[in-house]
Amino acid sequence: MGKRSSRMPKEKKSSNMTLFTFVIVVLLAIACLNGRYVTPQQGNFADSEAEFQVHVIDVGQADSILVIADGEAMLIDAAETGNAGTICDYLRKCGVKSLKYAVATHMHADHIGGFPSVLEEFKAETVLEPVYADSLVPTTRVYERYLDAVEANSKTYHAAEAGETFALGGAKITVVGPVSKETDDMNNTSLVLRVDYDEASCLFTGDMETPEEESIIRSGAKLNVDFLKVGHHGAATSSGRNFLAMVMPQYAVISCGVDNDYGHPAESTMERLKKFTKEIHITAEEGSVVFSYDKETGACKIVSERSEEHNAAD
(Lines give C-alpha, C1' and ligand atoms only; values in the text may rest on other atoms or scores of the structure.)
Protein backbone atom coordinates (compact mmCIF):
# COMPACT_ATOMS: atom_id res chain seq x y z
CA MET A 1 0.00 0.00 0.00
CA GLY A 2 1.38 3.37 -0.91
CA LYS A 3 2.08 6.03 1.74
CA ARG A 4 -0.78 8.36 2.60
CA SER A 5 0.16 11.98 2.06
CA SER A 6 -0.16 14.18 5.16
CA ARG A 7 -0.56 17.21 2.97
CA MET A 8 -4.08 18.36 2.17
CA PRO A 9 -4.92 19.66 -1.30
CA LYS A 10 -3.67 23.19 -1.85
CA GLU A 11 -7.16 24.64 -2.39
CA LYS A 12 -8.55 23.04 0.82
CA LYS A 13 -5.56 24.12 2.90
CA SER A 14 -5.89 27.72 1.72
CA SER A 15 -9.60 27.70 2.55
CA ASN A 16 -9.01 26.30 6.03
CA MET A 17 -6.27 28.81 6.77
CA THR A 18 -8.56 31.65 5.69
CA LEU A 19 -11.33 30.33 7.97
CA PHE A 20 -8.86 29.92 10.88
CA THR A 21 -7.58 33.47 10.46
CA PHE A 22 -11.13 34.81 10.31
CA VAL A 23 -12.09 32.99 13.53
CA ILE A 24 -9.03 34.33 15.37
CA VAL A 25 -9.75 37.89 14.25
CA VAL A 26 -13.39 37.60 15.37
CA LEU A 27 -12.42 36.17 18.77
CA LEU A 28 -9.88 38.93 19.34
CA ALA A 29 -12.40 41.57 18.34
CA ILE A 30 -14.97 40.17 20.77
CA ALA A 31 -12.37 40.02 23.52
CA CYS A 32 -11.36 43.62 22.92
CA LEU A 33 -14.98 44.76 23.04
CA ASN A 34 -15.45 42.94 26.34
CA GLY A 35 -12.33 44.54 27.77
CA ARG A 36 -10.73 41.11 28.31
CA TYR A 37 -7.85 41.53 25.93
CA VAL A 38 -5.65 44.60 25.95
CA THR A 39 -2.44 44.95 24.03
CA PRO A 40 0.71 45.62 26.06
CA GLN A 41 0.99 49.07 24.47
CA GLN A 42 -2.27 50.08 26.13
CA GLY A 43 -0.88 49.38 29.57
CA ASN A 44 -4.29 48.44 30.97
CA PHE A 45 -3.12 45.24 32.63
CA ALA A 46 -5.26 45.53 35.78
CA ASP A 47 -8.35 43.51 36.62
CA SER A 48 -10.99 46.07 35.72
CA GLU A 49 -13.70 44.02 37.45
CA ALA A 50 -12.15 44.19 40.93
CA GLU A 51 -14.24 46.29 43.33
CA PHE A 52 -11.14 47.82 44.91
CA GLN A 53 -8.03 48.83 42.98
CA VAL A 54 -4.86 50.81 43.69
CA HIS A 55 -2.83 51.90 40.66
CA VAL A 56 0.68 53.24 41.30
CA ILE A 57 1.17 54.92 37.95
CA ASP A 58 4.67 54.91 36.48
CA VAL A 59 5.51 58.63 36.35
CA GLY A 60 9.25 58.43 36.85
CA GLN A 61 10.74 60.27 39.83
CA ALA A 62 7.37 61.42 41.12
CA ASP A 63 4.09 60.16 42.59
CA SER A 64 0.60 59.58 41.22
CA ILE A 65 -1.72 56.92 42.61
CA LEU A 66 -5.24 56.14 41.45
CA VAL A 67 -7.57 54.46 43.96
CA ILE A 68 -10.90 53.05 42.76
CA ALA A 69 -13.57 51.70 45.10
CA ASP A 70 -16.94 50.57 43.75
CA GLY A 71 -16.51 52.79 40.72
CA GLU A 72 -15.55 55.97 42.60
CA ALA A 73 -12.08 57.38 41.99
CA MET A 74 -9.48 59.20 44.07
CA LEU A 75 -6.19 60.48 42.65
CA ILE A 76 -3.38 60.90 45.17
CA ASP A 77 -0.85 63.34 43.69
CA ALA A 78 -0.32 64.17 40.03
CA ALA A 79 3.46 64.04 39.56
CA GLU A 80 5.34 66.68 37.54
CA THR A 81 3.83 69.00 34.94
CA GLY A 82 5.30 66.88 32.14
CA ASN A 83 3.60 63.73 33.47
CA ALA A 84 0.05 65.07 33.06
CA GLY A 85 -0.48 63.39 29.69
CA THR A 86 0.58 60.01 31.05
CA ILE A 87 -1.80 60.34 33.99
CA CYS A 88 -4.73 61.46 31.84
CA ASP A 89 -4.19 58.59 29.40
CA TYR A 90 -4.07 56.14 32.29
CA LEU A 91 -7.26 57.45 33.87
CA ARG A 92 -9.09 57.25 30.55
CA LYS A 93 -8.04 53.64 30.05
CA CYS A 94 -9.36 52.84 33.52
CA GLY A 95 -12.71 54.34 32.59
CA VAL A 96 -12.43 57.27 35.00
CA LYS A 97 -14.69 60.20 34.09
CA SER A 98 -14.30 62.36 37.18
CA LEU A 99 -12.68 62.28 40.61
CA LYS A 100 -14.45 62.16 43.94
CA TYR A 101 -11.19 63.24 45.58
CA ALA A 102 -8.00 64.80 44.27
CA VAL A 103 -5.35 64.62 46.98
CA ALA A 104 -2.22 66.75 47.07
CA THR A 105 -0.12 65.07 49.75
CA HIS A 106 2.19 68.10 49.89
CA MET A 107 3.20 71.03 47.74
CA HIS A 108 6.34 69.80 45.98
CA ALA A 109 6.34 69.98 42.17
CA ASP A 110 6.74 66.21 41.70
CA HIS A 111 3.39 65.73 43.46
CA ILE A 112 1.24 68.65 42.26
CA GLY A 113 2.74 69.61 38.89
CA GLY A 114 0.30 67.62 36.76
CA PHE A 115 -2.88 68.68 38.55
CA PRO A 116 -3.77 71.66 36.30
CA SER A 117 -4.10 69.49 33.19
CA VAL A 118 -5.54 66.50 35.04
CA LEU A 119 -8.23 68.52 36.82
CA GLU A 120 -9.17 70.30 33.62
CA GLU A 121 -10.27 66.95 32.17
CA PHE A 122 -11.22 65.06 35.32
CA LYS A 123 -13.13 67.46 37.55
CA ALA A 124 -12.87 66.80 41.28
CA GLU A 125 -15.69 66.87 43.77
CA THR A 126 -13.25 67.60 46.62
CA VAL A 127 -9.58 68.53 46.74
CA LEU A 128 -7.77 67.43 49.89
CA GLU A 129 -4.44 68.77 51.06
CA PRO A 130 -2.63 68.99 54.40
CA VAL A 131 -2.42 71.85 56.85
CA TYR A 132 1.02 73.48 56.80
CA ALA A 133 2.67 76.60 58.20
CA ASP A 134 2.63 79.91 56.33
CA SER A 135 6.41 79.79 56.27
CA LEU A 136 6.22 76.71 54.02
CA VAL A 137 3.80 78.14 51.45
CA PRO A 138 5.56 77.86 48.07
CA THR A 139 6.10 80.88 45.84
CA THR A 140 6.63 78.86 42.67
CA ARG A 141 4.71 79.14 39.42
CA VAL A 142 3.87 75.43 39.70
CA TYR A 143 2.09 76.10 42.99
CA GLU A 144 0.23 79.09 41.57
CA ARG A 145 -1.01 77.02 38.63
CA TYR A 146 -2.10 74.31 41.06
CA LEU A 147 -4.17 76.83 43.08
CA ASP A 148 -5.78 78.19 39.92
CA ALA A 149 -6.68 74.65 38.80
CA VAL A 150 -8.21 73.77 42.16
CA GLU A 151 -10.35 76.89 42.13
CA ALA A 152 -11.54 76.32 38.57
CA ASN A 153 -12.07 72.56 38.54
CA SER A 154 -13.28 71.41 41.96
CA LYS A 155 -16.48 71.86 43.93
CA THR A 156 -14.88 72.01 47.37
CA TYR A 157 -11.44 72.35 48.92
CA HIS A 158 -10.54 70.94 52.33
CA ALA A 159 -7.40 71.11 54.46
CA ALA A 160 -7.57 67.68 56.09
CA GLU A 161 -6.34 66.90 59.57
CA ALA A 162 -5.47 63.68 61.42
CA GLY A 163 -8.51 61.77 62.60
CA GLU A 164 -10.89 62.87 59.85
CA THR A 165 -12.60 60.22 57.73
CA PHE A 166 -14.07 60.21 54.23
CA ALA A 167 -15.94 57.66 52.10
CA LEU A 168 -14.96 56.41 48.66
CA GLY A 169 -17.57 53.90 47.53
CA GLY A 170 -17.48 51.25 50.23
CA ALA A 171 -13.99 52.26 51.32
CA LYS A 172 -13.18 54.28 54.41
CA ILE A 173 -10.39 56.86 54.14
CA THR A 174 -8.78 57.87 57.42
CA VAL A 175 -6.35 60.78 57.70
CA VAL A 176 -3.47 59.38 59.76
CA GLY A 177 -1.12 62.34 59.46
CA PRO A 178 0.52 64.67 59.68
CA VAL A 179 0.13 64.93 63.43
CA SER A 180 3.02 67.32 64.11
CA LYS A 181 1.81 70.90 64.41
CA GLU A 182 5.14 72.47 63.56
CA THR A 183 7.77 71.37 61.08
CA ASP A 184 10.22 73.16 58.84
CA ASP A 185 10.29 70.30 56.33
CA MET A 186 7.60 70.21 53.65
CA ASN A 187 8.00 66.43 53.33
CA ASN A 188 6.78 66.01 56.89
CA THR A 189 3.58 67.91 56.13
CA SER A 190 2.61 65.05 53.78
CA LEU A 191 -0.99 63.96 54.05
CA VAL A 192 -0.90 60.31 55.17
CA LEU A 193 -4.00 58.30 54.32
CA ARG A 194 -5.18 54.88 55.40
CA VAL A 195 -7.79 53.27 53.14
CA ASP A 196 -9.83 50.27 54.29
CA TYR A 197 -12.11 48.31 51.97
CA ASP A 198 -13.74 45.22 53.42
CA GLU A 199 -10.75 43.12 54.57
CA ALA A 200 -8.15 45.00 52.47
CA SER A 201 -6.11 47.91 53.82
CA CYS A 202 -3.63 50.38 52.34
CA LEU A 203 -1.39 53.19 53.57
CA PHE A 204 -0.28 56.15 51.43
CA THR A 205 2.54 58.22 52.90
CA GLY A 206 3.54 60.92 50.40
CA ASP A 207 7.11 61.98 51.17
CA MET A 208 6.82 61.55 54.94
CA GLU A 209 10.18 61.01 56.67
CA THR A 210 11.17 59.28 59.90
CA PRO A 211 10.48 62.19 62.34
CA GLU A 212 6.82 62.28 61.30
CA GLU A 213 6.69 58.48 61.19
CA GLU A 214 7.66 58.49 64.86
CA SER A 215 5.03 61.13 65.63
CA ILE A 216 2.35 59.00 63.99
CA ILE A 217 3.45 55.93 65.94
CA ARG A 218 3.12 57.92 69.18
CA SER A 219 -0.36 59.04 68.16
CA GLY A 220 -1.56 55.45 68.41
CA ALA A 221 -2.88 55.30 64.85
CA LYS A 222 -3.68 51.87 63.42
CA LEU A 223 -0.90 51.24 60.93
CA ASN A 224 -0.81 47.54 60.01
CA VAL A 225 -1.93 47.18 56.36
CA ASP A 226 -1.76 44.88 53.36
CA PHE A 227 -0.36 47.49 50.97
CA LEU A 228 2.14 50.31 51.59
CA LYS A 229 3.08 53.05 49.17
CA VAL A 230 6.63 53.57 50.42
CA GLY A 231 7.45 57.11 51.53
CA HIS A 232 9.63 59.56 49.61
CA HIS A 233 10.42 57.30 46.64
CA GLY A 234 12.37 54.91 48.85
CA ALA A 235 14.74 57.52 50.31
CA ALA A 236 16.99 56.56 53.21
CA THR A 237 15.30 59.22 55.34
CA SER A 238 11.92 57.43 55.21
CA SER A 239 10.58 53.97 56.06
CA GLY A 240 12.32 53.70 59.42
CA ARG A 241 12.55 50.37 61.22
CA ASN A 242 10.04 51.32 63.94
CA PHE A 243 7.49 52.46 61.38
CA LEU A 244 7.81 49.37 59.18
CA ALA A 245 7.52 47.12 62.25
CA MET A 246 4.13 48.71 62.91
CA VAL A 247 2.93 48.64 59.30
CA MET A 248 4.12 45.11 58.35
CA PRO A 249 2.72 45.31 54.79
CA GLN A 250 2.35 42.27 52.60
CA TYR A 251 3.12 44.44 49.55
CA ALA A 252 5.29 47.56 49.38
CA VAL A 253 5.51 49.71 46.25
CA ILE A 254 8.16 52.34 45.52
CA SER A 255 7.52 55.03 42.91
CA CYS A 256 10.80 56.30 41.45
CA GLY A 257 12.57 56.99 38.17
CA VAL A 258 15.07 54.87 36.29
CA ASP A 259 18.67 55.88 37.13
CA ASN A 260 17.39 58.88 39.10
CA ASP A 261 19.81 61.47 40.50
CA TYR A 262 18.92 60.64 44.11
CA GLY A 263 19.86 56.98 44.14
CA HIS A 264 16.29 55.97 45.03
CA PRO A 265 15.47 53.51 46.37
CA ALA A 266 18.29 53.65 48.91
CA GLU A 267 20.01 50.37 49.71
CA SER A 268 19.38 50.89 53.42
CA THR A 269 15.65 51.33 52.78
CA MET A 270 15.53 48.15 50.71
CA GLU A 271 17.25 46.22 53.47
CA ARG A 272 14.72 47.44 56.04
CA LEU A 273 11.78 46.69 53.76
CA LYS A 274 12.98 43.14 53.16
CA LYS A 275 12.70 42.47 56.89
CA PHE A 276 9.12 43.65 57.20
CA THR A 277 7.31 42.92 53.93
CA LYS A 278 6.68 39.94 51.71
CA GLU A 279 7.00 41.66 48.33
CA ILE A 280 8.65 44.87 47.12
CA HIS A 281 7.71 46.38 43.74
CA ILE A 282 9.51 49.31 42.11
CA THR A 283 7.98 51.29 39.24
CA ALA A 284 11.44 52.02 37.78
CA GLU A 285 11.81 48.28 37.22
CA GLU A 286 8.25 47.09 36.66
CA GLY A 287 6.33 50.06 35.30
CA SER A 288 2.90 50.82 36.77
CA VAL A 289 1.89 48.53 39.63
CA VAL A 290 -1.70 47.58 40.50
CA PHE A 291 -3.02 46.13 43.75
CA SER A 292 -6.58 44.79 43.66
CA TYR A 293 -8.98 43.11 46.05
CA ASP A 294 -11.83 40.74 45.25
CA LYS A 295 -14.55 41.12 47.87
CA GLU A 296 -16.21 37.81 47.01
CA THR A 297 -13.08 35.68 47.43
CA GLY A 298 -11.21 37.89 49.89
CA ALA A 299 -8.12 37.61 47.72
CA CYS A 300 -5.55 40.32 47.08
CA LYS A 301 -3.65 40.46 43.80
CA ILE A 302 -0.77 42.58 42.58
CA VAL A 303 0.29 42.93 38.95
CA SER A 304 2.64 45.18 37.05
CA GLU A 305 3.39 46.06 33.46
CA ARG A 306 6.51 43.94 33.31
CA SER A 307 5.95 41.08 35.76
CA GLU A 308 3.53 38.25 36.39
CA GLU A 309 0.72 38.59 38.89
CA HIS A 310 0.97 37.49 42.50
CA ASN A 311 -2.09 36.32 44.41
CA ALA A 312 -2.67 35.97 48.11
CA ALA A 313 -5.76 35.14 50.12
CA ASP A 314 -6.36 37.37 53.13
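Calculation rules
Residues numbered from 1 in each chain as written. Predicted model: local features only at pLDDT ≥ 70, side-chain atom pairs only at ≥ 80, totals over all residues. Heavy atoms only, no water. Helix = DSSP H or I, 4+ residues; strand = E, 2+ residues; numbered from the N terminus. Buried < 20%, exposed > 50% of the residue type's maximum accessible area, 1.4 Å probe, protein only. Contact = heavy atoms within 4.5 Å. Areas by Shrake-Rupley, 256 points an atom, 1.4 Å probe, with all protein chains shown as cover. Core = buried A, V, L, I, M, F, W, Y, C linked by side-chain atoms within 4.5 Å. Disulfide = S-S within 2.5 Å. Pairing = 2+ DSSP bridges. Phe/Tyr/Trp six-rings, centres within 6.5 Å; stacked < 30°, edge-to-face > 60°. Axes fitted to C-alpha atoms, helices over the stretch in contact; angles between N-to-C directions. Arc of directions from axis to C-beta.

Engineer: Give me the lowdown on the overall build of the protein, citing residues and values where you can.
Structural biologist: When you go through the protein residue by residue, the secondary structure sums to nine helices and 16 strands. Here the protein holds 314 residues, and the buried ones make up 51% of them. For the protein, restricting intrachain contacts to residue pairs at least 6 apart in sequence, the fraction spanning at least 24 positions comes to 64%. Carbon and sulfur atoms make up 51% of the accessible area of the protein, which totals about 15500 Å².

Engineer: With reference to specific residues and values, describe the nonpolar core.
Structural biologist: In this structure, Leu75, Ile87, Leu91, Leu99, Phe115 and Tyr146 are the most contacted members of the largest nonpolar core, which totals 35 residues. For this core, the elements supplying multiple residues, two or more each, are β2 (65–69), β3 (72–76), α2 (84–93), β4 (99–103), α4 (115–121), β5 (124–130) and α5 (141–153). Sorting elements by how many residues they give to this core places α5 first, with five residues. Contact partners of phenylalanine 115, with chain neighbours within four places excluded, come to Leu75, Asp77, Ala78, Ala102, Val103, Ala104, Glu120, Tyr146 and Ala149. Counting residues in hydrophobic clusters, the runner-up holds 32 residues, among them Ala69, Leu128, Ala200 and Phe291.

Engineer: So what about the state of the cysteines? Which residues, and what values?
Structural biologist: Applying the stated criterion across every chain, the model contains zero disulfides. Looking at the unpaired cysteine 202, the closest cysteine sulfur is the one in cysteine 300, lying at 8.0 Å. Owing to a relative accessible area of 0%, cysteine 202 belongs among the buried residues under this scheme.

Engineer: Summarise the side chain of threonine 174; cite the residues concerned and give the values.
Structural biologist: The residue threonine 174 is located in strand β8 (residues 171–177) in this model. Here threonine 174 is in contact with Glu164, Thr165, Val192, Leu193 and Arg194, once residues within four sequence places are set aside.

Engineer: Help me get a handle on unusual backbone geometry, residues and values and all.
Structural biologist: Cis peptide bonds are those with omega within 30 degrees of zero, and the linkage from glycine 177 to proline 178 qualifies with 10 degrees. Looking at where proline 178 falls in the secondary structure, it is placed in the loop between β8 and β9 (192–197). In the segment running from histidine 264 into proline 265, the intervening peptide bond is cis, with an omega of -5 degrees. Positive phi, normally seen in glycine, also occurs at aspartate 70, with a value near 50 degrees. Mapped onto the elements, aspartate 70 comes out in the loop between β2 and β3. At aspartate 259, a residue that is not glycine, the phi angle is positive and equals roughly 50 degrees. Relative to the assigned elements, aspartate 259 resides in the loop between β12 (251–254) and α8 (267–276). Residue aspartate 259 is classed as exposed on the basis of its relative accessible area, which comes to 72%.

Engineer: Tell me about the pairing of strand β10 (residues 200–204), residues and numbers included.
Structural biologist: Judged by how many residues are buried, β10 sits mostly within the fold: five of five residues are covered. Burial of β10 is two-sided: the residues Ala200, Cys202 and Phe204 facing one way and the residues Ser201 and Leu203 facing the other way are all buried. As judged from the five bridges shared by β9 and β10, these two strands associate in the antiparallel manner. Counted as the bridge partner of leucine 193 is phenylalanine 204 from β10. Connecting β9 to the antiparallel partner β10 that follows it, the hairpin turn spans two residues, and aspartate 198 within it adopts a positive phi of roughly 55 degrees. With three bridges joining them, β10 and strand β11 (residues 227–229) adopt parallel strand pairing. Bridged to cysteine 202 within β11 is phenylalanine 227.

Engineer: Requested: an account of the packing of aromatic side chains, with residues and values cited.
Structural biologist: The tally for this structure, following the rule as stated, stands at eight aromatic pairs. An angle of 75 degrees between the planes, with centres 6.2 Å apart, marks the rings of tyrosine 197 and tyrosine 293 as edge-to-face. Of this pair, tyrosine 197 sits in strand β9 while tyrosine 293 sits in strand β14 (residues 289–294), and the two are 96 residues apart along the sequence. The same class applies to tyrosine 197 and to tyrosine 293, which are both buried. Ring centres 6.1 Å apart and planes at 50 degrees place the aromatic pair phenylalanine 204 and phenylalanine 227 in the tilted group. Of this pair, phenylalanine 204 sits in strand β10 while phenylalanine 227 sits in strand β11, and the two are 23 residues apart along the sequence. Members of the aromatic cluster, joined through ring pairs, are Phe204, Phe227, Tyr251 and Phe291.

Engineer: Go over the sheet that holds β12 with me, naming the residues and quoting the values.
Structural biologist: The seven strands are arranged β7-β8-β9-β10-β11-β12-β13 in an open sheet whose pairing can be described as mixed. Every interior strand has two partners, whereas the edge strands, β7 (165–168) and β13 (279–282), have only one. On average, adjacent strands in this sheet sit at an angle of 20 degrees to one another, irrespective of strand direction. Sheet strands in contact with α8 are β12 and β13, and its direction is about 145 degrees off that of β13.

Engineer: Before we move on, could you go through helix α6 (residues 210–219) and cite the residues and values that matter?
Structural biologist: Within α6, burial applies to Glu212, Glu213, Ser215 and Ile216. The arc that holds the buried residues of α6, viewed along the axis, is 160 degrees, so those residues lie on one side. The first or second residue beyond α6 is glycine 220, which carries a positive phi of 85 degrees.

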